[in-house]
Amino acid sequence: MSHPHKHLETQLVHAGEPSPRIEGAVEMPIFQSATYETAEEGVYDDVRYLRNNNTPSQQALHAKFAILEGAEDALVSASGMAAISGAFLGLLSAGDHVLAQRGLYGGTHELLAQEFPRLGLSVDFLDADDPGSWAALLRPATKLVYVEAMTNPLLEVADLRAITAFARAHGLVSVIDNTFASPVNFRPIPAGFDLCVHSATKYLNGHADIVAGVTSGSAANITRIRHKANVLGGALDPHAAFLLKRGLKTLALRVRHQNASALIIAGFLEAHPAVARVNYPGLASHPRHARARGLFAGFGGVLSFQLRGTVQDARDFTRRLRIPAVAPSLGGVQSLITRPAGTSHAGIPPEVRERLGISETLLRLSVGIEATEDLLEDLGQALG
Ligand SMILES: *Cc1c(COP(=O)(O)O)cnc(C)c1O
């Protein structure tokens, strides 16, 4: 008999859950225990202890994520950055060189650009849209290539198929941050990536009430990363694990609604005279729309748009909004809006920001699961 959990929706609810059910509980209880009875033999990683990532809440998530991602194994962590730093530190040694996409998430960029040199690691940033330029950046020490499914806040879509082919041709480990797509819209491991990392803080948990991360890939790579993670110490606590597993069950429902709602809102904004430009891979006007259609099942709930007018006009606009909160982060049930030039990208000099396309009046909207009509009406009244 074939496995009954064929589709993502069923896997989200049932995969990795304890069988038989514990005391018949239809939902797995929270295992609020730091340590567990352990036989004396074995290595340190086998000691059952929360930091060693081998307790029931963590193991249920590992099994669920491995199935969702189409990977051999997975590892949850205390934040997206714990997953990202753990992947680099787990797979690299001093002297190694990394190629990374330009325009990465701020925390990842800082880790690579500021912290890597202190550890004897080096990085070059590549134009992920120009495969012909990548080979010139290779060195004998190049070990890994790192990209994101869609960039923030401009929603650029790199040539991800060319990245996996390039990694295979040159023996590099290919790693993708799939936070913006989620497994509903893109599954990197079956698509040829070696390792997939997520900030589970965003879509996977989906309720803006915890920070968490996850890494998935081959059993060999996850074992190496878990061994380092056990001593680096960024393990996910049982209550956050419970919330993440609960949030995951509605992932497909949430993300499909967000895909549909964001596409309608992007179209509305694009047609509005107060808006100069909209960045959303689902719009025909997006420079990589065809590529995004070929890669993704949906285009996600995040879009950015440039208002006509001044910074003050942009600030006034966000103040007039009544539904989206003006707050960083994304991927939750509640809509959120930010002005990247004043928040996530404030550290970049204005002229560089402008060149990158992150103008003073660019706003990033994370569309929640509210009624699309209500969001349209709110955006409409705030645009005036
Ligand atoms: C938020 C985010 C991260 C960092 O995740 P945390 O959970 O905040 O540590 C990494 N990558 C992307 C694309 C993100 O949006």
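Owing to the predicted nature of the structure, the values given are computational and were not obtained by experimental measurement.

### Re the packing of helix α3 (residues 80–91) against helix α4 (residues 106–115)
In the contact formed by α3 and α4, the axes pass within 10 Å of each other and the chain directions differ by 30°. When the interaxial angle is binned, α3 and α4 end up roughly parallel. Every pair of crossing elements has a handedness; the one defined by α3 and α4 is right-handed. Within the contact between the two elements, α3 uses M81, I84, S85 and F88 and α4 uses G107, T108, L111 and L112. A breakdown of the residues in the contact of α3 with α4 according to their chemical character gives five nonpolar, three polar and no charged.

### With respect to the nonpolar core
If you look at the biggest cluster of nonpolar residues, it comprises 76 residues, and the most contacted ones within it are F65, L160, L244, L248, L303, F305 and F317. The greatest single-element share of this core, amounting to seven residues, is contributed by helix α9 (residues 251–271). Two domains each put at least three residues into this core: domain 1 (8–248) and domain 2 (251–383). The residues contacting F317, other than those within four sequence positions of it, are F305, L307, I337, L363, L379, A382 and L383. Counting 22 residues, the second-largest nonpolar core is a separate cluster that includes L104, L144, L195 and I225.

### Quick look at helix α5 (residues 160–170)
All buried positions along α5 are accounted for by L160, A162, I163, T164, F166 and A167. Against the buried residues of α5 lie β2 (97–101), β3 (122–126), β4 (142–148), β5 (173–177) and α10 (289–295). Taken from the residues just after α5, G171 is the one with a positive phi, measuring 65°.

### Some details on a nonpolar patch on the surface
On the surface, Y44, V47 and Y49 cluster together into a nonpolar patch covering about 250 Å² of accessible area. Looking at where Y49 falls in the secondary structure, it is placed in the loop between α1 (8–14) and α2 (56–69).

### Points about the environment of P238
Counting through the fold element by element, P238 comes out in helix α8 (residues 238–248). Separated by 206 residues in sequence, P238 and Q32 place their C-alpha atoms 5.9 Å apart.

### Details of the site of the ligand
Close contacts around the ligand come from S79, G80, M81, I84, Y105, D177, T179, F180, S199, T201, K202 and A212, and that covers them all. D177 places a polar side-chain atom, nitrogen or oxygen, 2.6 Å from a nitrogen atom of the ligand. Alone, the ligand offers 380 Å² of accessible surface; in the complex the protein occludes 91% of this. No other element matches α3, which puts three residues into the shell around the ligand.

### Points about the pairing of strand β1 (residues 73–77)
The buried fraction of β1 amounts to five of the five residues, a majority that puts the element mostly inside the structure. By the alternation rule, side chains of β1 split into D73, L75 and S77 and A74 and V76, which are all buried. Sheet analysis places β1 next to strand β7 (residues 213–217), joined by five bridges and oriented antiparallel. Following the sheet pairing, A74 is matched in β7 by S216.

### Comments concerning the environment of I337
Within the secondary structure layout, I337 lies in strand β11 (residues 336–338). Owing to a relative accessible area of 0%, I337 belongs among the buried residues under this scheme. Separated by 18 residues in sequence, I337 and R355 place their C-alpha atoms 22 Å apart. Among all residues touching I337, those that are not within four sequence positions of it are F305, F317, T318, L321, P324, A325, V326, A327, L363, R364 and L365.

### Details of the side chain of E148
Within the secondary structure layout, E148 lies in strand β4. For E148, the side chain forms a polar contact with the main-chain nitrogen of Y105, separated by 2.8 Å. Sequence-distant contacts of E148, that is, excluding residues within four places in its chain, are made with Q101, G103, L104, Y105, L160, I176 and D177.

### Things to note about the packing of α2 against α8
It is the contact of α2 with α8, at a shortest axis distance of 9 Å, that shows an interaxial angle of 30°. Of the possible angle classes, the one that applies to α2 and α8 is roughly parallel. Where α2 crosses over α8, the handedness of that crossing is left-handed. Residue-level contacts link S57, A60, L61, K64, F65 and L68 of α2 to P238, A241, L244, K245 and L248 of α8. Here the contact of α2 with α8 is built from residues that sort into eight nonpolar, one polar and two charged.

Rules used in this analysis
- Residues numbered from 1 in each chain as written.
- Predicted model: local features only at pLDDT ≥ 70, side-chain atom pairs only at ≥ 80, totals over all residues.
- Heavy atoms only, no water.
- Axes fitted to C-alpha atoms, helices over the stretch in contact; angles between N-to-C directions.
- Helix = DSSP H or I, 4+ residues; strand = E, 2+ residues; numbered from the N terminus.
- Parallel < 35°, antiparallel > 145°, perpendicular 65-115°, else oblique.
- Left-handed = near helix turned anticlockwise from the far one by under 90°.
- Contact = heavy atoms within 4.5 Å.
- Nonpolar A, V, L, I, M, F, W, Y, C, P; charged D, E, K, R; others polar.
- Core = buried A, V, L, I, M, F, W, Y, C linked by side-chain atoms within 4.5 Å.
- Buried < 20%, exposed > 50% of the residue type's maximum accessible area, 1.4 Å probe, protein only.
- Domains from an automatic or database assignment.
- Patch = residues over 30% accessible without salt bridge, like charges linked within 9 Å, V, L, I, M, F, W, Y side chains within 5 Å.
- Areas by Shrake-Rupley, 256 points an atom, 1.4 Å probe, with all protein chains shown as cover.
- Salt bridge = Lys/Arg side-chain N within 4 Å of Asp/Glu carboxyl O.
- Near = heavy atom within 4 Å.
- Polar contact = N/O pair within 3.5 Å; in protein donor to acceptor, adjacent residues only side chain to side chain.
- Pairing = 2+ DSSP bridges.

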